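# Notes for the structure review
One-letter residues, chain by chain:
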Amino acid sequence: MTVRVGVIGAGRIGKVHAETVTYRIPEARVVAVADIVEEAARRVAEQLHIPQATRDYREILADPNVDAVLVCSSTDTHATIITEAAEAGKHIFAEKPIDLSLARIDQVLAAVEKAGVKFQVGFNRRFDPTFARVRHAIQSGEIGEVHLLHIISRDPAPPPIEYVKVSGGIFMDMMIHDFDMARFLVGAEVEEVYTRAAVRVDPAIGEAGDVDTAVVMLTFGNGVIATIDNSRRAVYGYDQRVEVLGSKGGITVGNVFPNEVTICTAEHVRRDLPLNFFMDRYTESYEREIRAFIDAIVHDKPVPVGAADGRAPVLMALAARKSLDEHRPVKISEVG
Ligand SMILES: NC(=O)c1ccc[n+]([C@@H]2O[C@H](COP(=O)([O-])OP(=O)(O)OC[C@H]3O[C@@H](n4cnc5c(N)ncnc54)[C@H](O)[C@@H]3O)[C@@H](O)[C@H]2O)c1
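Residues numbered from 1 in each chain as written. Predicted model: local features only at pLDDT ≥ 70, side-chain atom pairs only at ≥ 80, totals over all residues.

### Topic: the packing of helix α9 (residues 175–186) against helix α13 (residues 307–326)
Between α9 and α13, the least distance of the axes is 9 Å, while the angle of their chain directions is 120°. Note that α9 runs across α13; the crossing there is right-handed. Residues Met175, Ile176, Phe179, Asp180 and Arg183 of α9 pack against Asp309, Ala312, Pro313, Met316, Ala317 and Ala320 of α13. A per-class count over the contact of α9 with α13 returns 8 nonpolar, no polar and 3 charged. (Axes fitted to C-alpha atoms, helices over the stretch in contact; angles between N-to-C directions. Helix = DSSP H or I, 4+ residues; strand = E, 2+ residues; numbered from the N terminus. Left-handed = near helix turned anticlockwise from the far one by under 90°. Contact = placed C-beta atoms within 7 Å. Nonpolar A, V, L, I, M, F, W, Y, C, P; charged D, E, K, R; others polar.)

Right, here's the structure in full:
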């Protein structure tokens, strides 16, 4: 069986997923791509020899020759498109977050459940071999009982301000990956969130009602304490590190570099900068997550990152923003 895929949204991540399906997944084929900017859809279609490009995603949903869609459009469009795709009986892979409102998310998830289609959320970092190994070490008890987790997650540069305005803000857009990673690694749910954050990178981000620099402290139900540190700008590139401390040991994950060369001179010992951004650092994870989605369809298996995993980090993001606004620790139960 070849799964026939429609890609909705031909921006940064839509292009990554369209390329992945085209070049790396023999069990699937992209048959159509949609973007409200028709030129963007047409460009991707031409590059990847996709037969159909349209500005109206509903054409893809109405096409009986499409089995599944990848929802890669701007965040504020996800809820509507996912709901309509479910009603059209398409299997759905949706980028994060599902929506910014919990009530809306619950409506979307009800529509998906009613339709009985596969629904996977794009938390790709779970599929990164390094972070999958960290989870295995924690879950198999290699470092004993986990006490502390630190996640450092910094982008090389902020996205365009137009993106920021519809993104839901740093907690929903960026830290949501780290909230998911924290749940994934610890294997438990967070009970309380405490935020300190500011605008330190670009005043325009502040004018859009957002922050660009944040530290969030998480307290898990099983006692683990975690911190997540986000910045929209680390001048040396994409900074993605993790440290775990347990009763029998620790785990350290460093950045990934384009080469392993160290250059020593009379003045310096130095190396090249880490891989610059998500398209390079997480290439393998994107392939593995889309492969898992296609595999779930072909073999009628559960998807590895489903509705509950899409919902939980949104609660954490809502609590983080509330904590910032109200200058106090916020329980997850207050926002859910
Ligand atoms: N998992 C990840 O690593 C990752 C990385 C980047 C972005 N994302 C998520 O993917 C989504 C897109 O982000 P991006 O960085 O690709 O943004 P982007 O702005 O580069 O692309 C979004 C595209 O969607 C199109 N679009 C908007 N409304 C549409 C509609 N109604 N129908 C069809 N197309 C529409 C826009 O014209 C644009 O081309 C966001 O929700 C973001 O949170 C996830």
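### Considering the sheet that holds strand β15 (residues 330–331)
Sheets are built from strands that pair by backbone hydrogen bonding, the pairs being arranged parallel or antiparallel. Overall, mixed pairing links the 7 strands, which are arranged β12-β11-β7-β10-β9-β8-β15 in an open sheet. Looking along the sheet, the strands with just one partner apiece sit at the ends: β12 (249–253) and β15. Looking at chain direction, strand β11 (residues 239–246) and β12 are connected through 5 bridges and run antiparallel. Its bridge partner being in β12, Glu243 is matched across the sheet by Thr252. The strands touched by α9 within the sheet are β7 (146–154), β9 (213–220) and β10 (225–231), with β7 carrying the most contacts at an inclination of about 155°. Taken strand by strand, α13 contacts β8 (190–198), β9 and β15, and its axis lies near 50° from that of β8. (Pairing = 2+ DSSP bridges.)

### Let's talk about helix α6 (residues 129–139)
For α6, the complete set of buried residues consists of Phe131, Val134 and Ile138. The buried residues of α6 occupy an angular sector of 50° when projected down its axis, which confines them to one face. Turned more than 90 degrees away from the buried face of α6, the exposed residues are Pro129 and His136. Buried residues along α6 sit against β7, α9, β11 and β12. Where α6 terminates, the next one or two residues include Gly141, which has phi positive at roughly 85°. (Buried ≥ 20, exposed ≤ 12 C-beta atoms within 10 Å, placed from the backbone. Arc of directions from axis to C-beta.)

### With respect to the domain arrangement of the protein
Many authors give the size of an interface as the accessible area that is lost as the parts come together. When the domains of the protein are assigned, the result is domain 1 (3–117) and domain 2 (126–276 + 313–335). Every contact between the two is made by 9 residues of domain 1 and, on the other side, 9 residues of domain 2. Taken together, the residues that form the side of domain 1 that touches domain 2 break down as 5 nonpolar, 2 polar and 2 charged. (Domains from an automatic or database assignment.)

### A look at the nonpolar core
Val33, Ile82, Ile92 and Met175 are the most contacted members of the largest nonpolar core, which totals 95 residues. For Met175, the contacting residues outside a window of four places in its chain are Ile170, Ala214, Val216, Ile228, Asn230, Ala317 and Ala320. (Core = buried A, V, L, I, M, F, W, Y, C linked by C-beta atoms within 7 Å.)

### Notes on the sheet that holds strand β5 (residues 91–94)
Read across the sheet, 6 strands follow the order β3-β2-β1-β4-β5-β6 without closing on themselves; strand pairing throughout is parallel. Looking at strand neighbours, the two that pair on one side only are β3 (52–54) and β6 (119–121), the edges of this open sheet. Here the strands of the sheet are splayed against their neighbours by 20° on average, with no regard to which way each runs. Relative to β6, β5 is paired through 3 bridges, and the arrangement is parallel. By the bridge assignment, Ile92 is partnered in β6 with Phe119. Together, β1 (3–8), β2 (28–34) and β4 (68–71) form the strand contacts of helix α1 (residues 12–24), whose direction differs from that of β2 by roughly 150°. Strands β1, β4 and β5 of the sheet are contacted by helix α4 (residues 78–87), whose axis makes an angle of about 165° with β5.

### A short note on the site of the ligand
Near the ligand you find 25 residues, and of these Gly9, Gly11, Arg12, Ser73 and Glu95 are the closest. The element contributing the most residues to the shell around the ligand is α1, with 3 residues. Here the shell around the ligand is built from residues that sort into 11 nonpolar, 9 polar and 5 charged. (Near = placed C-beta within 6 Å.)

### Structural notes on the pairing of β1
Note: β1 against β2, 6 bridges, orientation parallel. Bridge assignment links Val7 to a residue of β2, and that residue is Val33. On the question of chirality, the crossover connecting β1 to the parallel β2 by way of α1 is right-handed. Relative to β4, β1 is paired through 4 bridges, and the arrangement is parallel. (Right-handed = clockwise from strand over helix to strand, strands pointing away.)

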